[in-house]
Amino acid sequence: MSDATRRPGAFFALAAFFGLFVLFLYGPMIAIVALSFQGPEGGLTFPLRGWSLHWFAKLWEGIGVVDIGGAFRRSLALGGVVMALTVLLSLLAGLAYRKRLPGGTLLFYAVVASLIMPSIIVSLGIGLAFRLLDGGIRTVLEGLGASWADDYGTALGLFTSGLGAQLTWTLPFGLLIMFAVFNRFDRAYEEAARDLGATRWQTLRHVVLPLIGPSLVGVGMFGFTLSWDEIARSSQTMGDLNTLPMELQGLTTTVTTPVIYALGTVTTVVSFVVIGLALAVAWGMRRRRFRRR
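Every chain's residues receive numbers from 1 upward, in the order its sequence appears when written. Where local features are concerned, this predicted model is filtered to residues with pLDDT of at least 70; where side-chain atom pairs are given and counted, the filter is 80 or more; whole-chain, interface and lining totals use all residues. Side-chain numbers come from the whole structure's heavy atoms, not from hydrogens or water.

S.K.: Explanation requested: the overall build of the protein chain in the structure shown.
M.R.: A tally of regular secondary structure across the protein chain gives 10 helices and 0 strands. Elements are defined by DSSP. Helices are runs of H or I of four residues or more, strands are runs of E of two residues or more, and each kind is numbered from the N terminus. The linear arrangement of helices and strands in the protein chain, starting from the amino end, is α-α-α-α-α-α-α-α-α-α. Each radius of gyration reported is based on C-alpha atoms, and the globular scaling rule is 2.2 Å times the count of residues to the power 0.38. In summary, the protein chain has a C-alpha radius of gyration of 25 Å against a globular reference of 19 Å for 293 residues, an excess of more than 25%. Overall, the protein chain is about 90 × 70 × 35 Å in size when its C-alpha atoms are taken along their principal axes. The proportion of buried residues among the 293 residues of the protein chain is 34%. Categorising residues by exposure relies on relative accessible area from a 1.4 Å probe, with only protein chains included: less than 20% of the type maximum marks a residue as buried, more than 50% marks it as exposed, and the intermediate range marks it as partly exposed.

Below, the structure written as structure tokens:
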């Protein structure tokens with residue numbers, strides 16, 4: 001290498017720092033994945049004792065009294081609903097903020113404020129609000145003389161308080177993304193479509209949505225992945241049923257075999273699959289748009 005192309009020492013120092021940062025970031029995940037493939041005699045630490053799928057089979061059989069399969073399905077269902085609502089509400093909010101919206105500034109700060117509030121405080125607040133709601137519902141039922149008033153349980157649940165708690169986490173991200181998208185959006189495309197006789201709905205469907213489609217896919221990916229591993233905001237709001245991350249947190253104090261690593265590997269794979277699908281869909285939409293030009 002000539003003197004003209006020789007890299008300075010700072011380059012190698014920064015490269016080494018970056019490598020250490022990446023190792024620090026992904027090293028624990030790699031270690032957990034490796035430990036989950038141990039043999040039947042494997043433990044929770046290195047060195048590895050053989051290679052097998054033994055602990056994944058144990059995970060499939062179940063971990064004691066914990067219904068891992070049920071928690072997995074609940075997390076998938078909740079993540080799907082959170083993803084859909086995050087995309088829909090973020091899109092509608094982005095469209096609404098393109099024009100002057102009465103009270104829009106106050107609404108924006110109210111939504112973004114949930115990002116800076118401690119997650120456990122948000123969870124406690126939502127849980128308290130629903131417990132007060134339960135008390136009010138019982139009072140009303142008793143006042144009406146309903147025979148099943150004593151059998152009323154709680155409004156706390158996966159798709160009530162739990163859904164609302166997770167939306168306070170995902171919606172601000174979706175809203176900020178849509179603001180950035182529409183700030184760069186060229187309105188000339190819409191004007192051209194209107195000049196050609198397209199209605200507002202046709203312009204939205206055939207012009208706006210295809211152009212911002214990859215960004216909506218990104219919002220959906222954020223919505224699902226943030227919901228998939230959420231614990232703090234879910235801790236006081238899920239009612240009687242737990243999501244997979246909450247079950248995983250509880251198992252860390254009771255399970256002392258690599259089956260806990262197998263569960264962590266499965267949840268990580270699901271996250272990467274969702275990210276991969278989102279990237280594939282976004283790439284496909286971009287390619288389709290370029291073909292139409």
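S.K.: Help me out: how do you make sense of the side chain of E230 in this one?
M.R.: As for its position among the elements, E230 is in the loop between α8 (200–228) and α9 (244–251). As used throughout, the charge tally considers Lys and Arg to be positive and Asp and Glu to be negative, leaving His and the chain termini uncounted. Salt bridge criterion: a side-chain nitrogen from Lys or Arg within 4 Å of a carboxyl oxygen from Asp or Glu. Among buried Asp, Glu, Lys and Arg side chains, E230 stands out as unpaired, with R233 the closest opposite charge at 4.8 Å. Contacts described as polar in this section are N or O atom pairs within 3.5 Å, which, within protein, must combine one atom able to donate a hydrogen with one able to accept it, while residues neighboring in sequence count only if both atoms come from side chains. Reaching out from E230, the side chain makes a polar contact with the backbone nitrogen of A232 at a distance of 3.3 Å. A polar contact of 3.2 Å, which involves the side chain of E230, links it to the backbone nitrogen of S234. Here, two residues are considered to be in contact whenever any of their heavy atoms come within 4.5 Å of each other. Those residues within four positions of E230 in sequence are excluded, and the remaining contacts are Q166, W169, T243 and P245.

S.K.: Explain helix α6 (residues 161–183) here, please?
M.R.: Three- or four-residue spacings in an α-helix give side chains the same orientation, since the helix completes a turn every 3.6 residues. Given a helix with a known number of residues, its expected span is that number minus one, times 1.5 Å. The end-to-end C-alpha distance of α6, which contains 23 residues, comes to 33 Å, matching closely the 33 Å that a straight helix rising 1.5 Å per residue would cover. Bend, in this description, refers to the angle at a residue between axes fitted to the seven residues ending there and the seven starting there. At T168, α6 is bent by approximately 35°, the largest bend along its length, and proline P172 sits one to four residues beyond.

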